[in-house]
2 protein chains.
Amino acid sequence: MNNVILKTAYRLLNHGPTVLITSAHNGKRNTMAAAWVCALDFDPPKITAVIDRKTYTRELMEAEGTFAINIPCVAQLDMVRKVGTTTGRDFADTDKFAKFGIETFAAQHITAPLVSGCVGWLECRIIPEPHIQSSYDLFVAEVVAAYADERVFSDGRWHFEGYDDLRTIHHVASGEFFVSGVAVKSAI
Amino acid sequence: MNNVILKTAYRLLNHGPTVLITSAHNGKRNTMAAAWVCALDFDPPKITAVIDRKTYTRELMEAEGTFAINIPCVAQLDMVRKVGTTTGRDFADTDKFAKFGIETFAAQHITAPLVSGCVGWLECRIIPEPHIQSSYDLFVAEVVAAYADERVFSDGRWHFEGYDDLRTIHHVASGEFFVSGVAVKSAI
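Cut-offs applied
Residues numbered from 1 in each chain as written. Chains lettered and ligands numbered in written order. Predicted model: local features only at pLDDT ≥ 70, side-chain atom pairs only at ≥ 80, totals over all residues. Helix = DSSP H or I, 4+ residues; strand = E, 2+ residues; numbered from the N terminus. Rg over C-alpha atoms; globule rule 2.2 N^0.38 Å. Buried ≥ 20, exposed ≤ 12 C-beta atoms within 10 Å, placed from the backbone. Contact = placed C-beta atoms within 7 Å. Nonpolar A, V, L, I, M, F, W, Y, C, P; charged D, E, K, R; others polar. Pairing = 2+ DSSP bridges. Least-squares fit on C-alpha atoms with pLDDT ≥ 70 in both. Core = buried A, V, L, I, M, F, W, Y, C linked by C-beta atoms within 7 Å. Axes fitted to C-alpha atoms, helices over the stretch in contact; angles between N-to-C directions. pLDDT = per-residue confidence, 0-100.

Here we come to the overall build of chain A. Scanning chain A from terminus to terminus reveals 4 helices and 14 strands. The C-alpha atoms of chain A give a radius of gyration of 16 Å, which matches the 16 Å a tight globule of 188 residues would have. Referenced to the eigenvectors of the C-alpha coordinate spread, the extents of chain A come out at roughly 50 × 35 × 30 Å. Burial status across chain A gives 52% buried among its 188 residues. Of all intrachain contacts in chain A linking residues separated by at least 6 positions in sequence, the fraction that spans at least 24 positions is 67%.

Laid out in structure tokens, this is it:
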């Protein structure tokens, strides 16, 4: 795992991967899958994330003011689907991490856990924008730290050749995903 | 080309393709490439788009109040790169479409031209949100019509098997793109 230079952190999201959002507050933690997360600015890096108001992840992230974006890979497909089709509110005495055997490690600047086995991570601090949060479930956040698996992301770009199990996934519908495919370069 | 049922229009963008934004106003028209376009809501469908304040595309779309999202395919790679690395302001007597030989056809509800050879199209009406437009270059829009190439998108989902030239592209950096890859399905 390598630090990603902050001004290139947008590159982690540029190709549109489906992600896991994690959040934690007062000893409670949760995670959900999200396809609607997007880069917003370069330096300082900002992102947008659409997080439904009914989600437990949102309750914790709004209370704490921070959250993490974890970029899963194709080896984690079933876990992503489990996380994306259940609510942490249903697990009274445990949480999704324990329930589904999801290992985590500590973030540097925020309380949200980071999911082991992912290929990229962004620690995010919410920039309060109450109107769009309440009108559209749309959050703006500053990325305060970012990391990536150096086997597939270095010098500010993804390179999955030789690591097919670490390719990012892109949700189509109903549990079907496209895997990030071959790299092509324009002639210009 | 098929109409896409509006409540499934978000599926055109769910997997994170790089797109072309088109806009037109008072007889002028332009297009730019954009990677930071994202679904925002299902029904009525809404999207977000990050459009730099310096772009000519934005000048025209703000004046008109509408714009289109065109989803290009790998066969159009060089055209996307040309469009993404030039400004329409440099073409005094012509425009990017004429300069680069880009064919278009008329939209149904808006003035922006739609780019021929793309695999998906969304006609968008800006929902004015002056604060986030000026603070973040972030636009919210409602999708008023959507279409797709029926060879690769039908019944609300992409299916590229047998049409490798029509696969969507996802910008990595500096003219390198990932092509949408194989479809995988979770076991859950």
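Now that the structure is up, let's keep going.
The next thing to look at is the interface of chain B and chain A. Between chain B and chain A, the contact holds 45 residues from the first and 45 residues from the second. Within the residue set of the side of chain B that touches chain A, elements represented by two or more residues are β4 (37-42), β5 (45-50), α2 (77-84), α4 (130-136), β10 (138-148), β12 (157-158), β13 (169-173) and β14 (176-185) of chain B. Looking at the side of chain B that touches chain A element by element, the count peaks at 10 residues for β14(B). Residues that form the side of chain B that touches chain A fall into these classes: 24 nonpolar, 12 polar and 9 charged. Bridging between strand β14 (residues 176-185) of chain A and β14(B) involves 7 bridges; their strand directions are antiparallel. From the neighbouring strand, A:V184 faces β14(B), where its bridge partner is B:F177.

After a rotation of 180° and a shift along the axis of 0.0 Å, chain B superposes on chain A with an RMSD of 0.0 Å. Here the symmetry operator amounts to a two-fold rotation axis. Mapped onto chain A, 100% of the interface residues of chain B again fall at the interface, so both copies present the same surface.

Formed by 126 residues in total, the largest nonpolar core has its most connected members in A:I47, A:A68, A:L122, B:A34, B:I47, B:A68 and B:L122. In this structure, B:I47 is in contact with B:L13, B:V37, B:C38, B:A39, B:L40, B:I69, B:L122, B:C124, B:A141 and B:V143, ignoring residues within four places of it in sequence.

Residue and element names in this part refer to chain A. The omega torsion of the bond from D43 to P44 falls at 0°, within 30 degrees of zero and hence cis. Phi angles above zero are rare outside glycine, and D137 is one such case at about 60°. When you line up the elements, D137 lands in the loop between α4 (130-136) and β10 (138-148). Look at D155: it is not a glycine, yet its phi comes out positive at around 50°. Looking at where D155 falls in the secondary structure, it is placed in the loop between β11 (153-154) and β12 (157-158).

Next up on the list: the pairing of strand β13 (residues 169-173) of chain A. All names here are of chain A. For β13, a buried count of 4 out of 5 residues is recorded, marking the element as mostly surrounded by other parts of the structure. The pairing of β13 with β14 spans 4 bridges and is antiparallel. Of the residues in β14, the one forming a bridge with A173 is E176.

All names here are of chain A. With respect to the helices and strands, the residue G120 is situated in strand β9 (residues 120-127). The class of G120 is buried, set by 25 C-beta atoms lying within 10 Å. Each C-alpha atom, one on G120 and one on I169, is 12 Å from the other, the two residues being 49 residues apart in sequence. Those residues within four positions of G120 in sequence are excluded, and the remaining contacts are L12, I71, Y147, A148 and F153.

What follows covers the sheet that holds β14(B). Strand order in this open sheet of 4 strands is β13(A)-β14(A)-β14(B)-β13(B), and the pairing throughout is antiparallel. In this open sheet, the two edge strands, each paired with only one partner strand, are β13 of chain A together with β13 of chain B. Across the sheet, the axes of successive neighbouring strands diverge by a mean angle of 40°, strand direction being ignored.

What follows deals with helix α2 (residues 77-84) of chain A. In an α-helix, one turn spans 3.6 residues; hence positions three or four apart end up facing the same way. All buried positions along α2(A) are accounted for by A:L77, A:M79, A:V80, A:R81 and A:V83. Residues of α2(A) that are buried make contact with β2 (19-25), β3 (28-34), α3 (96-99), β13 and β14 of chain A together with β14 of chain B.

Another point: the environment of A:R81. The residue A:R81 is located in helix α2 in this model. With 21 C-beta atoms counted inside 10 Å, the residue A:R81 sits in the buried group. A sequence separation of 29 residues divides A:R81 from A:I110, and the C-alpha atoms of the two residues are 25 Å apart. Those residues within four positions of A:R81 in sequence are excluded, and the remaining contacts are A:G175, B:S186 and B:I188.

All names here are of chain A. In terms of burial, strand β5 (residues 45-50) is largely enclosed, as 5 of its 6 residues are buried. As judged from the 5 bridges shared by strand β4 (residues 37-42) and β5, these two strands associate in the antiparallel manner. Pairing of C38 across the sheet is with T48, part of β5. Note: β5 against β10, 5 bridges, orientation antiparallel. Directly across from A49, in β10, lies its bridge partner F139.

Mean pLDDT over chain A stands at 97; residues scoring 70 or higher make up 100%. Here the prediction assigns the complex a pTM of 0.97, and the interface score ipTM is 0.96.

Structurally, B:D78 is set in helix α2. Linking B:D78 and B:G16, residues 62 residues apart in sequence, is a C-alpha distance of 19 Å. Sequence-distant contacts of B:D78, that is, excluding residues within four places in its chain, are made with A:S186, A:A187 and A:I188.

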